[in-house]
Amino acid sequence: VQLVESGGGLVQPGGSLRLSCAASGFTFSRSVMSWYRQPPGKQRELVATITSAGGRTDYAESVKGRFTISRDNAKNTVYLQMNSLKPEDTAVYYCYVNYNRAYWGQGTQVTVSS
């Protein structure tokens, strides 16, 4: 199993970023996928989850209405569109799947600062 995140960077408050996670080594189209984040000095937290066919999504209260999780099963990729970014969204963002056990990507840094 391999999860490779991309798309992080430095953005001003109010800006947008789209994260991507390219997955391989497992049956992506049958797997629930999630994004987590770990702010500096804090614990890792769940941001968003999407079911295997994309029919259901769930979000942390702190990102509802601003972030959108989606997936393309033909490309084995899950996305996180982040709009109206705030300084408190600064974190390392991780892609996650539980496929017999937990797998994490290497993470991508998102920094929201003026």
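Shown above is the structure to which this text applies.
Keep in mind the model is a prediction, meaning the values are calculated, not measured. (Residues numbered from 1 in each chain as written. Predicted model: local features only at pLDDT ≥ 70, side-chain atom pairs only at ≥ 80, totals over all residues. Heavy atoms only, no water.)

### Remarks on the state of the cysteines
Part 1 of the argument: Summed over the entire model, instances satisfying the criterion amount to one disulfide.
Part 2 of the argument: The residue that forms a disulfide with Cys 21 is Cys 95, at a sulfur-sulfur distance of 2.1 Å. Across the S-S bond linking Cys 21 and Cys 95, the dihedral sits near -85°, which makes this disulfide left-handed. Here the residue Cys 21 occupies a position in strand β3 (residues 17–24), and Cys 95 occupies one in strand β9 (residues 91–98), the gap between them amounting to 74 residues. Accessibility assignment for this pair places Cys 21 and Cys 95 in one class, buried. (Disulfide = S-S within 2.5 Å. Helix = DSSP H or I, 4+ residues; strand = E, 2+ residues; numbered from the N terminus. Buried < 20%, exposed > 50% of the residue type's maximum accessible area, 1.4 Å probe, protein only.)

### Focus on the nonpolar core
Grouped burial of nonpolar side chains is what soluble globular proteins tend to show.
Part 1 of the argument: Counting 27 residues, the largest nonpolar core has Leu 3, Met 33, Trp 35, Val 78, Leu 80, Met 82 and Tyr 93 as its most contacted members.
Part 2 of the argument: Looking at this core, the elements that each hand over two or more residues are β3, β4 (33–38), β5 (45–50), β7 (67–72), β8 (77–82), β9 and β11 (108–112).
Part 3 of the argument: If we ignore the near neighbours within four places in the chain, the residues touching Leu 80 are Leu 17, Arg 18, Leu 19, Trp 35, Val 47, Ala 48, Phe 67, Thr 68, Ile 69 and Tyr 93. (Core = buried A, V, L, I, M, F, W, Y, C linked by side-chain atoms within 4.5 Å. Contact = heavy atoms within 4.5 Å.)

### Considering the pattern of salt bridges
Part 1 of the argument: Within this structure, the stated rule accounts for five salt bridges.
Part 2 of the argument: Arg 37 is paired through a salt bridge with Glu 45; the nearest N and O atoms lie 2.6 Å apart.
Part 3 of the argument: With a relative accessible area of 4%, Arg 37 lands in the buried category.
Part 4 of the argument: Linking Arg 37 and Asp 89 is a salt bridge whose minimum nitrogen-to-oxygen distance equals 2.9 Å. Of the two residues, Arg 37 sits in strand β4 while Asp 89 sits in the loop between β8 and β9, which places them 52 residues apart along the sequence.
Part 5 of the argument: Beyond isolated ion pairs, a larger network of salt bridges with shared partners links Arg 37, Glu 45, Arg 66 and Asp 89. (Salt bridge = Lys/Arg side-chain N within 4 Å of Asp/Glu carboxyl O.)

### Points about the pairing of β4
Part 1 of the argument: In terms of residue burial, β4 counts as a mostly covered element, since five of its six residues are buried.
Part 2 of the argument: As paired strands, β4 and β5 are joined by five bridges and run antiparallel to one another. Paired with Tyr 36 across the two strands is Leu 46, which belongs to β5.
Part 3 of the argument: Taking the residues that link successive antiparallel strands as the turn, the β4-β5 hairpin has six residues, and the phi of Gly 41 there is positive, at about 75°.
Part 4 of the argument: Judged from the six bridges that link them, β4 and β9 form a sheet pairing that is antiparallel. The partner of Tyr 36 across the bridge, within β9, is Tyr 94. (Pairing = 2+ DSSP bridges.)

### Concerning the environment of Gly 107
Part 1 of the argument: Inspection of the secondary structure puts Gly 107 in the loop between β10 (102–104) and β11.
Part 2 of the argument: On the basis of relative accessible area, Gly 107 is assigned to the buried category, the value being 15%.
Part 3 of the argument: Put simply, Gly 107 and Cys 95 are 12 residues apart on the chain and 7.1 Å apart in space, counted from C-alpha to C-alpha.
Part 4 of the argument: When sequence neighbours within four positions are dropped, the list of residues in contact with Gly 107 reads Glu 5, Val 92, Tyr 93 and Tyr 94.

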